[in-house]
Amino acid sequence: MLKIENLHVTADGNEILRGIDLEVGAGEVHAIMGPNGAGKSTLSNVLSGRPGYEITEGRISYFGEDLTALEPEERAAKGVFLGFQYPVEIPGVAAMTFLKTAINAQRKLRGEEELDARGVMTLVQGEARKLNIGADMLKRPINVGFSGGEKKRNEILQMAVLQPKLAILDETDSGLDVDALKLVGEGVTALRAPDRAMIVITHYQRLLDYIVPDFVHVLAAGRIVRSGGAELARELDKLGYGELARAPAA
Ligand SMILES: Nc1ncnc2c1ncn2[C@@H]1O[C@H](COP(=O)(O)OP(=O)(O)O)[C@@H](O)[C@H]1O
Ligand SMILES: [Mg+2]
């Protein structure tokens with residue numbers, strides 16, 4: 001589904017990603033772990049098409065297509081979803097309105113019929129219930145005054161409603177208490193599907209108690225320095241990033 005080869009990325013002239021190779025197949029869940037500043041958010045931003053980054057070397061293919069040739073909204077319509085580390089507040093736009101706009105923008109780009117208000121409502125409310133998100137929260141301006149846990153649950157709601165093929169969750173666990181962590185982790189796990197891949201970016205192992213990954217990769221100083229199975233996350237939790245995270249010789 002996704003194949004990243006020798007990816008080098010700079011921002012403001014600084015090389016942040018220094019040769020990433022990563023292959024993600026349908027149905028797989030990959031965790032990317034690493035210390036702050038390793039380049040985790042940069043990788044997710046580049047995959048979603050956020051401006052401000054330059055790919056200086058390498059390739060990203062998505063279902064055999066050059067992902068970098070697509071605009072961010074085309075990527076989204078083709079099933080790429082990014083859950084943000086710091087969800088943005090959108091004053092004046094209710095969560096429900098935002099979701100309706102997002103759902104229909106994607107359907108339109110795919111040449112599908114738009115959903116009417118009732119169709120959107122049914123879809124959103126069904127998913128919201130599973131995440132313990134009440135109707136009042138859907139009426140409030142998106143993320144404005146939401147607690148950390150509410151913001152993250154709202155991100156998972158967006159993912160549940162948009163049904164992506166490749167979901168990238170950037171530190172969805174940061175700032176969550178144990179209850180919210182469990183809800184988010186279980187919400188994500190419920191969205192695992194044979195035709196859906198997920199890249200779960202996290203600093204800590206604790207989210208991976210609820211989302212058990214098929215593969216774990218350690219990103220340090222812009223490179224994947226180690227890959228393994230779910231046990232690698234537990235190992236890192238005990239040992240810390242220590243030696244692994246030290247910048248490899250340039
Ligand atoms: N737009 C940018 N311009 C310059 N440097 C950046 C930019 N974005 C990120 N960086 C730098 O790149 C490194 C990796 O950042 P980031 O991808 O956010 O790491 P992580 O998410 O792993 O903590 C950091 O040193 C950060 O300061
Ligand atoms: Mg980050």
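Whatever comes next refers back to the structure up there.
Here is a short report on the structure shown in this document. Here the structure is a predicted model, which means the values were calculated and not measured.

### With respect to the site of ligand 1
Okay, step 1: Taken together, 13 residues lie around ligand 1, and Ala 11, Asp 12, Lys 40, Ser 41 and Thr 42 are the ones closest in.
Okay, step 2: At the level of secondary structure, the elements contributing two or more residues to the shell around ligand 1 comprise strand 2 (14-24) and helix 1 (40-48).
Okay, step 3: Grouping the constituent residues of the shell around ligand 1 by class yields three nonpolar, eight polar and two charged.

### Notes on the sheet that holds strand 2
Okay, step 1: Ordered by their spatial adjacency, four strands build an open sheet running 2-1-4-5, and the pairing between neighbours is antiparallel. A strand with exactly one partner marks an edge of an open sheet, and here the two such strands are strand 2 and strand 5 (65-66).
Okay, step 2: The pairing of strand 1 (residues 2-11) with strand 4 (residues 54-62) spans seven bridges and is classified as antiparallel. What sits directly across from Thr 10, in strand 4, is Glu 54.
Okay, step 3: Contacts from helix 1 reach strand 1, strand 2 and strand 4 within the one sheet, and its direction differs from that of strand 2 by about 70 degrees.

### Overview of the pairing of strand 9 (residues 166-170)
Okay, step 1: Within strand 9, five of the five residues are buried, which leaves the element mostly enclosed by the surrounding structure.
Okay, step 2: Where strand 6 (residues 80-83) lies against strand 9, four bridges are found, and the strand directions are parallel. Bridge pairing links Leu 82 to Ile 168 in strand 9.
Okay, step 3: As defined by bridge partners, strand 9 adjoins strand 10 (residues 197-202) across five bridges and the pair is classed as parallel. Opposite Ala 167, over in strand 10, you have Met 198 as the bridge partner.
Okay, step 4: Handedness of the crossover is the feature at issue here: the chain leaves strand 9, passes through helix 7 (residues 178-190), returns alongside strand 10, and the resulting connection is right-handed.

Calculation criteria
Residues numbered from 1 in each chain as written. Chains lettered and ligands numbered in written order. Predicted model: local features only at pLDDT ≥ 70, side-chain atom pairs only at ≥ 80, totals over all residues. Near = placed C-beta within 6 Å. Helix = DSSP H or I, 4+ residues; strand = E, 2+ residues; numbered from the N terminus. Nonpolar A, V, L, I, M, F, W, Y, C, P; charged D, E, K, R; others polar. Pairing = 2+ DSSP bridges. Contact = placed C-beta atoms within 7 Å. Axes fitted to C-alpha atoms, helices over the stretch in contact; angles between N-to-C directions. Buried ≥ 20, exposed ≤ 12 C-beta atoms within 10 Å, placed from the backbone. Right-handed = clockwise from strand over helix to strand, strands pointing away.

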